[in-house]
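For reference, the chains in residue letters:
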Amino acid sequence: MASMNESAAVRDLREPPVLHIKGRILTGADPLDGVRDELWVVGGRITFDRPAGARDVTTVEGWVLPGLVDAHCHVGLDAHGAVDEATAEKQALTERHAGALLLRDAGSPSDTHWIDDREDLPRIIRAGRHIARTRRYIRNYAHEIEPEDLVAYVAREARRGDGWVKLVGDWIDRETGDLGACWPRGEVEAAIAEAHRLGARVTAHCFAEETLAPLVEAGIDCIEHATGLTEETIPLFAERGVAIVPTLVNIATFPRLAASGEGKFPRWADHMRRLHERRYATVGAAYDAGIPVYVGTDAGGSLPHGLVAQEVAELVTAGIPAAAALSAATWGARAWLGRPGIEEGAPADLVVYEADPRADVRVLGAPRRVVLRGRVVS
């Protein structure tokens with residue numbers, strides 16, 4: 001019997017069909033310059049020129065966006081740690097069904113590079129494995145190390161990943177019973193410098209307030225969750241251009257987490273509830289200050305995959321305009337990650353909807369068609 005990857009390779013030998021995509025093609029956020037009426041897909045790539053002599057053309061109609069981006073998820077991971085290939089495949093297929101065709105995997109103990117050979121699965125930009133302080137993160141997820149080893153492990157994961165490294169910036173400190181920063185300033189500065197030397201960007205899981213300024217001043221590129229942003233640190237993020245990925249669908253779980261842990265860590269539980277209560281105000285203030293905000297769900301740990309549409313809706317609830325929230329999951333996110341959108345010669349990764357997602361972002365929850373690498377896959 002052929003293996004899963006061998007079977008996929010056989011399926012993918014077929015030449016992609018010629019597609020004619022008609023309707024309203026949303027190539028960018030500008031309502032005047034960012035809309036076209038049609039495009040074609042030839043050899044799996046986008047062209048705005050009608051192909052001469054094409055036969056057996058398949059027509060797809062609707063409102064079209066570039067494949068959605070989940071800029072914080074975890075393929076190959078569940079609540080207990082690494083998963084097998086069959087489970088990782090299901091996770092990737094769930095993202096594809098939701099229209100998320102570009103994933104930034106923000107830390108996983110699994111090696112999912114085999115997915116790169118699958119033409120029917122989303123593209124993944126990996127951050128390697130989480131790097132955490134000893135006994136300061138979820139069991140079986142991270143490299144758990146001490147500060148003197150941070151530079152070496154960052155270099156290792158910079159080489160293993162796809163241009164990103166993921167640190168755990170804060171977690172419960174058992175001595176204080178509350179969130180606490182994991183890394184001394186000198187070691188994290190050296191680690192970020194080493195990642196940049198190797199051509200990788202660095203991001204960090206951060207819930208707490210006091211963790212943020214030292215990381216930004218050390219040169220970090222992005223902060224995940226960023227619930228601890230305040231009036232004091234928001235201007236610093238904006239000045240340095242440090243992006244945030246709020247993962248509001250994950251922050252919604254804070255009250256449940258607090259309830260489960262308050263018997264042992266009451267101070268931490270109260271802190272988590274306060275961060276949750278001001279989550280929308282925090283994200284709205286960050287956007288208003290000019291901080292780049294991108295869509296990520298944190299799927300793959302305790303959350304299921306396929307939540308990208310819900311996260312876009314959460315950004316709108318936080319006060320971000322619909323067009324900007326869409327950009328955070330499409331044009332803007334792709335540019336930030338160095339991947340093309342809808343442009344001449346780009347790979348045809350597209351999602352087609354019945355109605356205009358700019359008018360109501362909830363439309364994103366029901367893709368009419370998903371086109372991946374030039375093939376209609378759903």
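Anyway, here's the lowdown on the structure attached to this text. (Residues numbered from 1 in each chain as written. Predicted model: local features only at pLDDT ≥ 70, side-chain atom pairs only at ≥ 80, totals over all residues. Heavy atoms only, no water.)

**Quick word on the overall build of the protein chain**
Logical step 1: The secondary structure content of the protein chain amounts to 13 helices and 20 strands.
Logical step 2: Rg of the C-alpha trace for the protein chain: 21 Å, near the compact-globule value of 21 Å for 378 residues, within the 12% margin.
Logical step 3: Over its C-alpha atoms, taken along the principal directions, the protein chain stretches across nearly 70 × 50 × 40 Å.
Logical step 4: Taken over 378 residues, the protein chain has a buried fraction of 56%.
Logical step 5: Taking contacts inside the protein chain between residues at least 6 apart in sequence as the whole, the part at least 24 apart equals 67%. (Helix = DSSP H or I, 4+ residues; strand = E, 2+ residues; numbered from the N terminus. Rg over C-alpha atoms; globule rule 2.2 N^0.38 Å. Buried < 20%, exposed > 50% of the residue type's maximum accessible area, 1.4 Å probe, protein only. Contact = heavy atoms within 4.5 Å.)

**Some words on the packing of aromatic side chains**
Logical step 1: Scanning the entire structure with this criterion turns up five aromatic pairs.
Logical step 2: Considering the side-chain rings of Y137 and Y141, the 6.0 Å spacing of their centres and the 75° angle between planes classify their relative orientation as edge-to-face. Each of the two residues, Y137 as well as Y141, counts as buried.
Logical step 3: Between F207 and F254 the ring centres are 4.9 Å apart and the planes differ by 70°, which places this aromatic pair in the edge-to-face class. (Phe/Tyr/Trp six-rings, centres within 6.5 Å; stacked < 30°, edge-to-face > 60°.)

**Regarding the packing of helix α3 (residues 150–160) against helix α4 (residues 185–197)**
Logical step 1: Following both chains from N to C, one finds α3 and α4 inclined at 25°, their axes separated by 9 Å at the closest point. By the angle class used here, α3 and α4 are roughly parallel. The way α3 lies across α4 gives a crossing that is right-handed. On the side of α3, the interface is formed by L150, V151, V154, A155 and R159, while α4 contributes E187, V188, A190, A191, E194, A195 and R197.
Logical step 2: Taken together, the residues of the contact of α3 with α4 sort by class into eight nonpolar, no polar and four charged. (Axes fitted to C-alpha atoms, helices over the stretch in contact; angles between N-to-C directions. Parallel < 35°, antiparallel > 145°, perpendicular 65-115°, else oblique. Left-handed = near helix turned anticlockwise from the far one by under 90°. Nonpolar A, V, L, I, M, F, W, Y, C, P; charged D, E, K, R; others polar.)

**Topic: the nonpolar core**
Logical step 1: Membership of the largest hydrophobic core comes to 91 residues, with the highest contact counts inside it found for L150, L167, I220, I223, F237 and L315.
Logical step 2: When sequence neighbours within four positions are dropped, the list of residues in contact with F237 reads L212, V216, I223, L229, V242, I244 and I291.
Logical step 3: Core analysis: the next-biggest nonpolar cluster, separate from the first, contains 15 residues, I21, F48, L350 and V352 among them. (Core = buried A, V, L, I, M, F, W, Y, C linked by side-chain atoms within 4.5 Å.)

**Comments concerning the sheet that holds strand β8 (residues 100–105)**
Logical step 1: Pairing within the open sheet is parallel, and its three strands lie in the order β5-β8-β9. Among the strands making up the open sheet, the edge pair consists of β5 (68–73) and β9 (123–126). Neighbour to neighbour, the strand axes of the sheet diverge by 20° on average, direction disregarded.
Logical step 2: Pairing analysis gives four bridges linking β5 to β8, with the strands arranged parallel. By the bridge assignment, D70 is partnered in β8 with L103.
Logical step 3: Set on the sheet, helix α2 (residues 85–97) makes contact with β5 and β8; between it and β8 the angle comes to about 130°. (Pairing = 2+ DSSP bridges.)

**What about α2?**
Logical step 1: In a regular helix each residue adds 1.5 Å, so 13 residues correspond to 18 Å; α2 covers 18 Å between its end C-alpha atoms and thus fits that length.
Logical step 2: Buried residues of α2: A88, E89, Q91, A92, E95 and R96, and no others. Each buried residue of α2 lies within a common arc of 160° when the element is viewed along its axis, so the set occupies one face. Away from its buried face by more than 90 degrees, α2 exposes K90 and H97. (Expected span 1.5 Å × (residues − 1). Arc of directions from axis to C-beta.)

**Thoughts on the pairing of strand β13 (residues 170–173)**
Logical step 1: Across four bridges, the pairing between β13 and strand β14 (residues 178–181) is antiparallel. Its bridge partner lying in β14, D170 is registered against A181.
Logical step 2: The antiparallel hairpin formed by β13 and β14 contains four residues in its connecting segment, where G177 sits at a positive phi of about 75°.

**Some words on unusual backbone geometry**
Logical step 1: Backbone geometry at A226 places phi at a positive 55°, although glycine is not the residue there.
Logical step 2: For A226, the location among the structural elements is in the loop between β16 (222–225) and α6 (234–240).
Logical step 3: Despite not being glycine, R373 shows a phi value in the positive range, around 55°.
Logical step 4: The residue R373 is located in the loop between β19 (369–372) and β20 (375–376) in this model.

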